Amino acid sequence: MTPKGYEVRGTDNSLEGIDILEASKKTPFMLVISSYTMPRMKGDAILKKAREISPDSLRILLADAAYIDTMISAINTASIHSCITLPFEDQDLINQVENGREQFLSAQKAAALKQTIQRQNRQLFQIASNFRKKEAQDLAQMEDRKKEIRILNSKIKAGQGKNMQEHIPSLGQLLEDRGSEHSPQGFSRAFIEMSGQIRDILQTALFSYGLEPLPQSYNEAVFRAKQEKQHIGAVAKLMPALRMLIHQSQEACVNLFGIDFKRLMDQHFSLTYSQDRAKAFLRIKKYRSDLLTLPCIKYYLSWYRVTYGVVPDQTIAAWLKTANQHSAPLTVAHGLDPVHPVNGEIKYHFPTDFLHAGKINEDGSINFHDRGEIPFVKSGEFLAVKILAEQGKSGIDVTGARIPVLEPSDRTFEAGPGTTLSEDGSKIYAAVDGQPHLDAMGKVTVNPELKIKGDLGFETGDVIFDGNVVVEGAVKEGFKVKGASLTAREIQGAEIDLTGDLNVSFGIVDTDLVNVKGSVQAKFVHNSKINAFGDLIIQREIIDSVIRLSGACINTAGTIINSEISANMGIDAGTIGSDSAKPSKLTVGRDEHTLILVEKISVRIRENVEAAAAINRDITTLSEEDQTLHGQIARYATIQDRAQLELKGAAKKMNDLKASGNMAAFQKIKKSIAQVEADAKSAEEIINKGFERQDAIALEIAQKQKRIEELTKTNHSLEDEKKRLLEYTATKTPKAQVRVAKKVLSGTRVIGPHTNLTLYRDDVRCRIVERGHNSDDTGGIPFYEIKITGY
């Protein structure tokens, strides 16, 4: 039986099957299939024996599902490749045979490939041995050549700047670069091509001194050209146009030349533009029939350089026939409208403004166990998508100038802990189950939760966790929590650094460092420093504290005493001040929190730039030393060369003197040869030391350049962080307002973005707001004042 081309041999005798395998060692079977229930020898034992005889053959065991333990044992002992449980479908067996065939053929190919690779490796080893022998012969020559090259290189560099003059291109070369013919005619054509640019330069220069260029007649131009004996080919090119203008001027009975014509037309026409100057509009101010001609209009447009997209002459002529001072303006020119860019956008598929509101207890503490519905996502859930920005396209205005368009702004899009970014970088998915969060820097995270029973102190140590931390007790003094968000009963002098929110059931006390990228909510704040991108929500009092917020300070039912608070989005307070405490200073409408962070980053960037500049100066000094060494090596290499020549000449003289018997002269030359050899050896030592120092300089320069690259990379990262901070603060509209629900005491100082006010008396239920005004008395320049109005 040979289904699908297979050659099949079968037997119901275990020993006979083993003999068949023994006989086929030279041409092994592709596949051995055995039932578990075989006479005299079980199937797993048969397949184990088959593995010893024909290890390349694949093995399949047929067994009842009741023998599951036996099948597992067979997999381990006989290394079978597949188990088929009884009963089975014929197609299942055929599929397993097909898979076995593919595996067997792949194994055969791999074995053949392995043999080929081994043979090729032996050949390559022999070739490599031959190359090593050749390499050993060439190494000495290469070292000599390298030394010669270094000496020649030093001679070349030492000679740079000597007897070398700066190459100044000739007029012919300039014309050749422009593709123009080197002849009077070629110069004329090149000059005509540049005439428009030259005219613009001259007009700009004259206008800067309050002057205007006056058109010159053709005769005057020819006369001046002859007087100065200049080539007049360029003027001759303009003759037809000049003659046409003269003819049109005579026909219109109006002098089209000179500034007087422009002034006359300005009295009777107005030429206006759209905001981007992509359109020009012509309107009649005062009717005068002799000026309503096509030449007058065309030349008037040319005075204002309206040359691009001018409507056809027949359109202008048709408008002139019926135009008067009451007519609608004519769109006399239409350039190429710019295509404005589309800014990037990010769409989030989870609540990004979720706030842990909590439930306020009767004693003023906050129960964060009763927080309502908290956002929660599963691993793999879609979180956010980035819609890419689209570049704009420049337009052309009616004067032919380019209308620039702004670069599109992009939004920060970063996948933080607990998320994954799609391959194209446009989508963010949850990588774990947890609470999704968007921090102030645009980073999306999914935060799991860590719960700590009791206090966070000596028993737990510091907690650094990429997720939400829940502490049932207090966070003790001297310890640190760094993570996504923190929920605790109390903060007692700990260091808090969070990318999310801080929620405290009772208070924050004696804490010098609280940095939060989300919001802060607590019952009270005493003698603490808090920096947050979000809001600060306090139920009771804020005392002796320094607080900087990019959001708002909400303390509507509480009291602010002897504190310095800066809140970009304004302050809501119950009572501000106390008779027994110093006045508070309140800054509103300014994001001092972000500005301080930006300034710190700017300082670091400047320090890195200065450090890079200092390293560059060191590199320059090292390069100058390297250049000096090149000169030194070149000088001593010359001494070596001269010594070699002297030694050759002296050797010939010594032979001659020895033959003539003049031993006194022979000894003298011998002594001079010794001195020359000593000088050559000394030069060789100096050259070698120069090479060693150059190698050290090259290594030092490479290290310094690597340091500059590191500083540059750090600055790029800092610039990105700075951009994110500015991008974040730009999304908020500042609110320069303090709302007082109960009472504000005199002495309280309120600082707005542009001005400030110190209250000279107490006030109740009021709003303190900075407002801007425009006044004719200040020439339209806005001025600002802080006003106290009703609540």
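Residues numbered from 1 in each chain as written. Predicted model: local features only at pLDDT ≥ 70, side-chain atom pairs only at ≥ 80, totals over all residues. Heavy atoms only, no water.

Caption draft 1: Structural context of the overall build of the protein. Along its length, the protein carries 13 helices and 43 strands. The buried share among the 791 residues of the protein stands at 37%. Residue pairs in contact within the protein that sit at least 24 positions apart in sequence constitute 48% of those at least 6 positions apart. Surface summary for the protein: the accessible area is close to 47300 Å², and the carbon and sulfur share equals 52%. (Helix = DSSP H or I, 4+ residues; strand = E, 2+ residues; numbered from the N terminus. Buried < 20%, exposed > 50% of the residue type's maximum accessible area, 1.4 Å probe, protein only. Contact = heavy atoms within 4.5 Å. Areas by Shrake-Rupley, 256 points an atom, 1.4 Å probe, with all protein chains shown as cover.)

Caption draft 2: How the structure looks around the pairing of strand S5 (residues 279-284). Alternating residues of S5 divide into Ala280, Leu282 and Ile284, all buried, and Lys279, Phe281 and Arg283, none buried. Where strand S4 (residues 269-273) lies against S5, 5 bridges are found, and the strand directions are antiparallel. Each bridged residue has a counterpart across the sheet, and for Thr272 the counterpart in S5 is Phe281. The loop that links S4 with its antiparallel partner S5 comprises 5 residues; one of these, Arg277, has a positive phi angle of about 60°. Here S5 pairs with strand S6 (residues 330-334) via 4 bridges, running antiparallel. (Pairing = 2+ DSSP bridges.)

Caption draft 3: Examining helix H10 (residues 294-303) more closely. By the criterion of burial, H10 is predominantly enclosed, with 7 of the 10 residues buried. All of the buried residues along H10 are Pro295, Cys296, Ile297, Tyr299, Tyr300, Leu301 and Trp303. One or two steps after H10, the chain reaches Arg305, where phi turns positive at roughly 60°.

Caption draft 4: A look at the sheet that holds strand S10 (residues 382-387). An order of S7-S10-S15-S14 is seen for the 4 strands of this open sheet, with the pairing classed as antiparallel. Looking along the sheet, the strands with just one partner apiece sit at the ends: strand S7 (345-348) and strand S14 (419-421). Strand-to-strand twist across the sheet, computed as the mean angle between neighbouring axes with direction ignored, equals 15°. As defined by bridge partners, S7 adjoins S10 across 4 bridges and the pair is classed as antiparallel. Bridge pairing in S10 places Lys347 opposite Val385. (Axes fitted to C-alpha atoms, helices over the stretch in contact; angles between N-to-C directions.)

Caption draft 5: Structural context of the packing of aromatic side chains. One pass over the full model with this rule turns up 6 aromatic pairs. Between Phe269 and Tyr300, the aromatic rings sit 6.2 Å apart at their centres with planes inclined by 45°, giving tilted as the arrangement. Placement of Phe269 in strand S4 and of Tyr300 in helix H10 is noted, with a sequence separation of 31 residues between them. Among the residues examined, Phe269 registers a relative accessible area of 2% and is labelled buried. Since its relative accessible area comes to 1%, Tyr300 is described here as buried. Plain terms: the ring middles of Tyr300 and Tyr304 are 5.4 Å apart, the flat faces sit at 80° to each other, and that makes the pair edge-to-face. Ring pairs connect the aromatic residues Phe269, Tyr300 and Tyr304, which therefore count as one cluster. We note Arg277 situated over the ring of Tyr273; from NZ or CZ to the ring centre the distance is 4.0 Å. (Phe/Tyr/Trp six-rings, centres within 6.5 Å; stacked < 30°, edge-to-face > 60°. Lys NZ or Arg CZ within 6 Å of the ring centre and 35° of its normal.)

Caption draft 6: Focus on the nonpolar core. Counting residues in each nonpolar core, the largest one holds 47 residues, and the members touching the most others are Val475, Leu486, Ile491, Ile496, Leu502 and Ile571. What Ile496 contacts, discounting residues up to four positions off in sequence, is Val475, Val481, Leu486, Ile491, Leu502, Leu513, Val514 and Asn515. Among the nonpolar cores identified, the runner-up in size contains 25 residues, and Ala280, Leu291, Ile297 and Leu330 belong to it. (Core = buried A, V, L, I, M, F, W, Y, C linked by side-chain atoms within 4.5 Å.)

Caption draft 7: Representation of the side chain of Lys704 in the model. Here Lys704 shows up in helix H13 (residues 663-730). Exposure remark for Lys704: the relative accessible area of 19% places this residue in the buried category. Those residues within four positions of Lys704 in sequence are excluded, and the remaining contacts are Ile615, Asp618, Ile619 and Leu622.

Caption draft 8: Up close: the packing of helix H1 (residues 14-23) against helix H2 (residues 43-53). Running from N to C, H1 and H2 point in directions that differ by 15°, and their axes come no closer than 10 Å. By the angle class used here, H1 and H2 are roughly parallel. As for the relative orientation of H1 and H2, their crossing is right-handed in sense. Mapping the contact onto sequence places Ser14, Ile18, Leu21 and Glu22 in H1 and Ile46, Lys49, Ala50 and Ile53 in H2. Residue composition of the contact of H1 with H2, by class: 5 nonpolar, 1 polar and 2 charged. (Parallel < 35°, antiparallel > 145°, perpendicular 65-115°, else oblique. Left-handed = near helix turned anticlockwise from the far one by under 90°. Nonpolar A, V, L, I, M, F, W, Y, C, P; charged D, E, K, R; others polar.)

Caption draft 9: Structural context of the pattern of salt bridges. Inspection of the entire model under this criterion finds 17 salt bridges. As a salt-bridge pair, Arg590 and Glu592 come within 3.9 Å of each other at their nearest N and O atoms. Across the salt bridge formed by Glu710 and Arg707, the nearest N and O atoms sit 3.4 Å from each other. Of this pair, Glu710 and Arg707 both sit in helix H13, 3 residues apart, which is roughly one turn of the helix. Using a relative accessible area of 37% as the deciding quantity, one classes Glu710 as partly exposed. Through salt bridges that share partners, Glu414, Asp720 and Arg724 make up one connected network. (Salt bridge = Lys/Arg side-chain N within 4 Å of Asp/Glu carboxyl O.)

Caption draft 10: Summary view of unusual backbone geometry. Positioned with a positive phi, Arg277 is a non-glycine residue whose angle comes to about 60°. A relative accessible area of 33% places Arg277 in the partly exposed class. Not every positive phi belongs to a glycine, and Arg305 is a case in point at roughly 60°. Note that Arg305 resides in the loop between H10 and helix H11 (313-322).

Caption draft 11: Looking closely at the sheet that holds strand S28 (residues 513-516). As summarised here, the arrangement of the 10 strands in space is S19-S22-S25-S28-S31-S34-S36-S38-S40-S41, forming an open sheet in which the pairing is mixed. Of all the strands in the sheet, just strand S19 (463-464) and strand S41 (756-758) have a single pairing partner and so form its edges. Bridge analysis of strand S40 (residues 749-751) against S41 gives 3 bridges, and the strand direction is antiparallel. When the sheet's bridge partners are listed, Val750 is paired in S41 with Leu757.

Caption draft 12: Local environment of the environment of Ser35. Considering the arrangement of structural elements, one finds Ser35 in strand S1 (residues 31-35). Distance from Ser35 to Asp64, taken between C-alpha atoms, is 9.3 Å for residues 29 residues apart in sequence.

Caption draft 13: The arrangement of the confidence of the model for the protein in detail. Averaged over the protein, the pLDDT score is 80; the fraction of residues at 70 or greater is 81%. Model confidence for the protein, summarised as mean pLDDT per element, is weakest for helix H8 (residues 233-252) at 49 and strongest for strand S36 (residues 564-567) at 96. Throughout residues 161-168 the model reports pLDDT below 50, and contacts reaching past four residues in sequence, or to other chains, amount to 3 contacts. Confidence drops under a pLDDT of 50 for residues 368-372, and excluding neighbours within four residues, the segment shows 13 contacts in the predicted structure. (pLDDT = per-residue confidence, 0-100.)

Caption draft 14: Broad picture of the packing of H10 against H11. Orientation of H10 relative to H11, taken along the N-to-C sense of each, is 120°, at an axis distance of 10 Å. Here H10 and H11 pass one another in a crossing that is right-handed. Where H10 abuts H11, its residues Leu294, Ile297 and Lys298 lie against Asp313, Ile316 and Leu320. Split into classes, the residues belonging to the contact of H10 with H11 amount to 4 nonpolar, no polar and 2 charged.

Caption draft 15: Focus on a nonpolar patch on the surface. Nonpolar side chains collect at one region of the surface, where Leu124, Ile127 and Phe131 lie side by side and expose about 330 Å² of accessible area between them. Mapped onto the secondary structure, Phe131 falls in helix H4 (residues 90-159). Residue classification places Phe131 among the exposed residues on the basis of a relative accessible area of 59%. (Patch = residues over 30% accessible without salt bridge, like charges linked within 9 Å, V, L, I, M, F, W, Y side chains within 5 Å.)

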